[in-house]
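# Tertiary structure, described
Listed below, chain by chain, are the residues.
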Amino acid sequence: MRITKTKQSDCGPRCCREDHFGALVSQTSRVVRRAMDARVAADVTPELTGVRGMLLGEIVRANKENRDVYQRDVEQWMQLRRSSVTAILQAMEQDEFITRCSVEKDARLKRLAATPKGVAYHERIRASIDNFERALQYGIAPEQQAVARSVLERVLANAQSIAGEQ
């Protein structure tokens, strides 16, 4: 099945070429991330982006389940380099959403824990992201969502394979 080119007027002046599927996926990802960041900043606090909100949610859930979360877990979960995750965590720590706690068994490891401020913001962030997800999926039938998810999971697996991550 050949994907047809979207009309220029439908997607703006920076439309990706029809034969560059990866560029379209990348552009879509950037726009979705910016939109989510703007939504969380407007709904909750400008101190948090959507990504930081999702990360805070994961840390809060892990803390509630008595699971330890470390920076390396975040690197794997978010598929980001150590330096990028370090910057995100430092900003979240500076804004007092999380703390890094030393671990008895290994002094090099720092367990991530949500602060009371982080826990307090968690529900508001979750509600904002849930509303964003509903708005993002508006007008897309459940069957189409399932197909899109399947295709994106395959694209992700292919990209990881190309990058030697599998």
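Worth saying up front: this structure is predicted, and the values here are computed from it rather than measured.

### Describing helix H2 (residues 21-43)
Along its 23 residues, H2 runs 33 Å from first to last C-alpha, staying within 8% of the 33 Å computed at 1.5 Å per residue. For H2, the full list of buried residues reads Gln27, Met36, Asp37 and Val40. Where H2 is buried, its residues contact helix H3 (50-64) and helix H6 (116-136).

### Details of the pairing of strand E1 (residues 98-103)
Sheet topology note: the E1/strand E2 (residues 106-114) ladder contains six bridges and is antiparallel. Within the sheet, the bridge partner assigned to isoleucine 98 lies in E2 and is alanine 114. The hairpin turn running from E1 into E2, its antiparallel successor, is two residues long.

### Notes on the nonpolar core
Ranked by size, the top nonpolar core spans 25 residues in total, and within it Leu55, Leu56, Ile59, Val74, Ile98, Leu112 and Ile125 carry the most contacts. Of all the elements in the fold, those that place two or more residues in this core are H2, H3, helix H4 (71-78), helix H5 (82-94), E2 and H6.

Cut-offs and rules
Residues numbered from 1 in each chain as written. Predicted model: local features only at pLDDT ≥ 70, side-chain atom pairs only at ≥ 80, totals over all residues. Heavy atoms only, no water. Helix = DSSP H or I, 4+ residues; strand = E, 2+ residues; numbered from the N terminus. Expected span 1.5 Å × (residues − 1). Buried < 20%, exposed > 50% of the residue type's maximum accessible area, 1.4 Å probe, protein only. Contact = heavy atoms within 4.5 Å. Pairing = 2+ DSSP bridges. Core = buried A, V, L, I, M, F, W, Y, C linked by side-chain atoms within 4.5 Å.

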